[in-house]
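Okay, here's what each chain looks like letter by letter:
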Amino acid sequence: MSNPIEIRQIPCLSDNYGYLVHDPVTNMTATIDTPDAEAIKDALSENGWNLSHVLNTHHHPDHAGGNRQLKKETGCTIIGPRAEANNIPAIDEEVGDGDCVSIGSLNAVVYDVPGHTLGHIAYWFKDHGVAFVGDTLFALGCGRVFEGTHRQMWESLQKLMAMPDDTLIYCAHEYTQANAKFALSVEPQNTALVERCDQISALRAENKPTVPSSLGLEKKTNPFLRPTSKMLQETLGMLGSNPIDVFSETRRRKDNF
Ligand code: ZN
Ligand code: FE
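Keep in mind that what you see is a predicted model, and the values were worked out from it rather than measured.

**What about the nonpolar core?**
And then number 1: By size, the foremost hydrophobic cluster in this structure holds 51 residues, and its most contacted members are Leu55, Tyr123, Phe125 and Leu157.
And then number 2: Taken domain by domain, this core gets at least three of its residues from each of domain 1 (6-171) and domain 2 (176-255).
And then number 3: With near-sequence residues (within four places) excluded, Phe125 lies in contact with Ile5, Val21, Leu55, Leu106, Asn107, Ala108, Val130 and Phe132.
And then number 4: Among the nonpolar cores identified, the runner-up in size contains 15 residues, and Ala39, Trp49, Leu51 and Cys76 belong to it.

Encoded structure:
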């Protein structure tokens, strides 16, 4: 049995999710990224928690924009990706692939997952079956490839796909409904996808989050994890093509969807 972990989801900005990760054993609390310092402070005080750490996934302002304010007001330690440390405001500790980050008694393994940005990292709380993946893997989608190559992004997604199927994937945006429309357009006969899309519509109609989701469900329904799917290959006119080429074409089509 591992120590308990407490997670709070913070909808903020237009479609971001901030997260608090709390260790009840030591009372330490981390925020995954800092999309909105005020929203994070509100969530901390609602729970009676004090911020001890910031864990940044990448340098974009909707992920690291609240770093300075939170550090100034709480004295927290800011941990972020070594490969883009120059762009992470007020960073204290630089981490990269295979490093271990501890929030009290909670331990996370760092994965380098370049593609969306070149230094993007994910935090896997392996003992708890929870991964914070920033803008790399989304519910039914994946991040836009801004700085890296399609090949890098596909390799990063494959690293995440090697986690156990019951891993809960916490992504940084509520993009699921738009992703669902695209996913249906490329795999219209995927029954698991059709079923999931109905559930997503119902959740969003009530303004409820569709995040987190399990890795296993993403593997069955997320086209960006399914370049080996015959159905997807057929829609793209790429039957028998390499996974990297199918992934790349899927990403291109989504960019223009
Ligand atoms: Zn981003
Ligand atoms: Fe983002």
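**Considering the domain arrangement of the protein**
And then number 1: Segmenting the protein into domains produces domain 1 (6-171) and domain 2 (176-255).
And then number 2: Relative to domain 2, the C-alpha centre of domain 1 lies at a distance of 24 Å.
And then number 3: Listed by partner, the interface residues are 27 residues for domain 1 and 31 residues for domain 2.
And then number 4: In total, domain 1 and domain 2 occlude about 2400 Å² of area from one another, counting both sides; carbon and sulfur atoms represent 66% of this.
And then number 5: The largest per-residue losses of area from domain 1 upon contact with domain 2 belong to Leu140, His150 and Trp154, which jointly make up 33% of the total buried on that side.
And then number 6: Applying the counting criterion to the domain 1 and domain 2 interface returns two salt bridges.
And then number 7: Its salt-bridge partner being Asp255, residue Arg144 comes within 3.5 Å of it at the nearest N-O pair.
And then number 8: Remark: the boundary between domain 1 and domain 2 carries 15 residue pairs in polar contact (both at pLDDT 80 or more).
And then number 9: Only strand 2 (16-23), strand 11 (137-138), strand 12 (141-142), helix 4 (150-161) and strand 13 (168-171) provide two or more residues apiece to the side of domain 1 that touches domain 2.
And then number 10: The element that contributes the greatest number of residues to the side of domain 1 that touches domain 2 is helix 4, accounting for seven residues.

Reading the values: rules and limits
- Residues numbered from 1 in each chain as written.
- Chains lettered and ligands numbered in written order.
- Predicted model: local features only at pLDDT ≥ 70, side-chain atom pairs only at ≥ 80, totals over all residues.
- Heavy atoms only, no water.
- Core = buried A, V, L, I, M, F, W, Y, C linked by side-chain atoms within 4.5 Å.
- Buried < 20%, exposed > 50% of the residue type's maximum accessible area, 1.4 Å probe, protein only.
- Domains from an automatic or database assignment.
- Contact = heavy atoms within 4.5 Å.
- Buried area = accessible area lost by both parts, 1.4 Å probe.
- Salt bridge = Lys/Arg side-chain N within 4 Å of Asp/Glu carboxyl O.
- Polar contact = N/O pair within 3.5 Å; in protein donor to acceptor, adjacent residues only side chain to side chain.
- Helix = DSSP H or I, 4+ residues; strand = E, 2+ residues; numbered from the N terminus.

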